[in-house]
Amino acid sequence: MTYLNWRGLDVVGNAAILLMGLCMLPFVIMCVAGLFQYQSLDFTRLGELPEGGWGAVNWSSLLNILFWQFNFWDSVSTFAGDVKNPGKAFPRALAMAVVLVVLSTLLPLAVAVAGTTFSYSEYKDVFFGEIGAALVGKWLGVMIALAAALSSVGMFEAEMASDAFSLMGMAERGHLPEIFARRSRHGTPTAAIVCSAIGIAFLATMSFLEILEVLNFLYMLAMLIEFAAFIRLRVSRPLMPRPYRIPLGTGGVVVMLTGPVALLACMLAMAPFKTWAICGVAVVVGCGLYFALHHPVTRRCCVFLQDPFEAAAGEPVLALRVYGTEDLDYVLDVVEEGEEEGKEEG
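Residues numbered from 1 in each chain as written. Predicted model: local features only at pLDDT ≥ 70, side-chain atom pairs only at ≥ 80, totals over all residues. Heavy atoms only, no water.

Novice: Hey, could you run me through helix 4 (residues 86-115) in this one?
Specialist: Every α-helix winds through 3.6 residues per turn, so residues three or four apart in the chain are directed the same way. A rise of 1.5 Å per residue sets the reference length of helix 4, with its 30 residues, at 44 Å; its end C-alpha atoms lie 42 Å apart and thus fit the reference within 8%. Restricting attention to buried positions, one finds in helix 4 the residues P86, G87, F90, V101, T105, P108, V111, A112, V113 and A114. If you follow the buried residues of helix 4, they end up packed against helix 2 (9-36), helix 3 (59-69) and helix 5 (127-135). (Helix = DSSP H or I, 4+ residues; strand = E, 2+ residues; numbered from the N terminus. Expected span 1.5 Å × (residues − 1). Buried < 20%, exposed > 50% of the residue type's maximum accessible area, 1.4 Å probe, protein only. Contact = heavy atoms within 4.5 Å.)

Quick look at the structure:
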């Protein structure tokens, strides 16, 4: 599966589209079957509460699963440099993705609840297979189980691609050694993909819910930083070229982010101690690595690219120069821009 990421974003994208179709097929069949059994569906069950009422709801697990189900939209920004016209492609693709995610979550759940008599306490991991078998037949239950496996493959590929290109972007800005910015002949960052695979392998030792809580916790911290950076850039660099601009002023943006920030604060407060401990260690290690990687000794031992946005005017910049074609056939070259310009002038 790691090899697919190394082969390029076009391979990952095509594989993701194929996997999405295969994963959604059994749920489409379930919803269509529900239409043919419309008379037998009991939609009054949709308003039922579990035994014990609202107090019996595990709000921490529920919110974590819902948050994980509907987040990570900002991850696509790591591929912006490899997408044609992201200013138009991204808003359109995100709008379609939101609709698909909402419908693919709500419709099968509505059919499952209204078409069966299972109690809410029976809804556990892999239980959708039993629901499919009860509604249509055992063959649909098998298809749902296979779809779950394929979905895990798709999420693995998407997560690895996002993480690897994030590391590559950090290297291009001079925050990580230059080796993480080097691309393979397929346009992919090999060293960053290897590091991403190691990190994902570590998460495999944890349970599904523990992984969700840790990922969500770290993601919520990142979101708060992104929101702060978003507002700061709106104020400090209002004229900076942007592929896409939210059509609101600074005040409107602050109001828009009030609700999400309140939700993030509540979910952080609800996180268990184990999640706080694991994420706390991760944050401390991350901050320590940041200062270690920016220490003069490290800078002398490793090759770092210089952030072109932070270079002084006329200062030679050790920069990343990437030549590409439409088929993502990249060749990486690290040059001393000041020297290169001098050669061109000569």
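Novice: Help me understand the state of the cysteines in this model?
Specialist: Cysteine pairs can be covalently joined through their sulfur atoms, and such a bond is termed a disulfide. The final tally for this structure, using the stated rule, is 0 disulfides. Left unpaired, C301 is separated from the closest cysteine sulfur, that of C302, by 6.1 Å. (Disulfide = S-S within 2.5 Å.)

Novice: When you look at the packing of helix 3 against helix 8 (residues 208-236) in this model, what are you seeing that I'm missing?
Specialist: How two helices pack is summed up by the angle between their axes together with the distance between the axes. Contact pair helix 3 / helix 8: the axes reach a minimum separation of 10 Å and the direction vectors enclose 65°. It follows that helix 3 is roughly perpendicular to helix 8 by the angle criterion. As helix 3 packs across helix 8, the resulting crossing turns out to be left-handed. For the pair formed by helix 3 and helix 8, the contact residues are S60, S61, N64, I65, F67 and W68 on the first element and F208, L209, L212, E213, N216, Y219 and M220 on the second. (Axes fitted to C-alpha atoms, helices over the stretch in contact; angles between N-to-C directions. Parallel < 35°, antiparallel > 145°, perpendicular 65-115°, else oblique. Left-handed = near helix turned anticlockwise from the far one by under 90°.)

Novice: How should I be thinking about the confidence of the model for the protein chain in this particular structure?
Specialist: Segments scoring low in pLDDT should not have their predicted coordinates read at a detailed level. Confidence in the prediction of the protein chain, expressed as mean pLDDT, is 80, and 88% of residues score 70 or more. Of all helices and strands in the protein chain, the one with the weakest mean pLDDT is strand 2 (residues 331-336) (39), whereas helix 9 (residues 250-270) scores best (91). Counting interchain partners and residues more than four positions distant, the pLDDT-below-50 stretch residues 316-346 has 63 contacts. (pLDDT = per-residue confidence, 0-100.)

Novice: What is the right way to read the nonpolar core from this model?
Specialist: The tendency in soluble globular proteins is for nonpolar side chains to be buried side by side. One finds F67, F217, M220, M223, F227 and L264 to be the most contacted residues of the largest nonpolar core, which totals 16 residues. Where this core is concerned, the elements lending two or more residues are helix 8 and helix 9. Residue contributions to this core peak at 7 residues, all from helix 8. Once residues within four sequence positions are removed from consideration, L264 is found in contact with F67, M220, M223, L224 and F227. Core analysis: the second largest hydrophobic core is formed by 13 residues, M160, A164, F180 and A181 among them. (Core = buried A, V, L, I, M, F, W, Y, C linked by side-chain atoms within 4.5 Å.)

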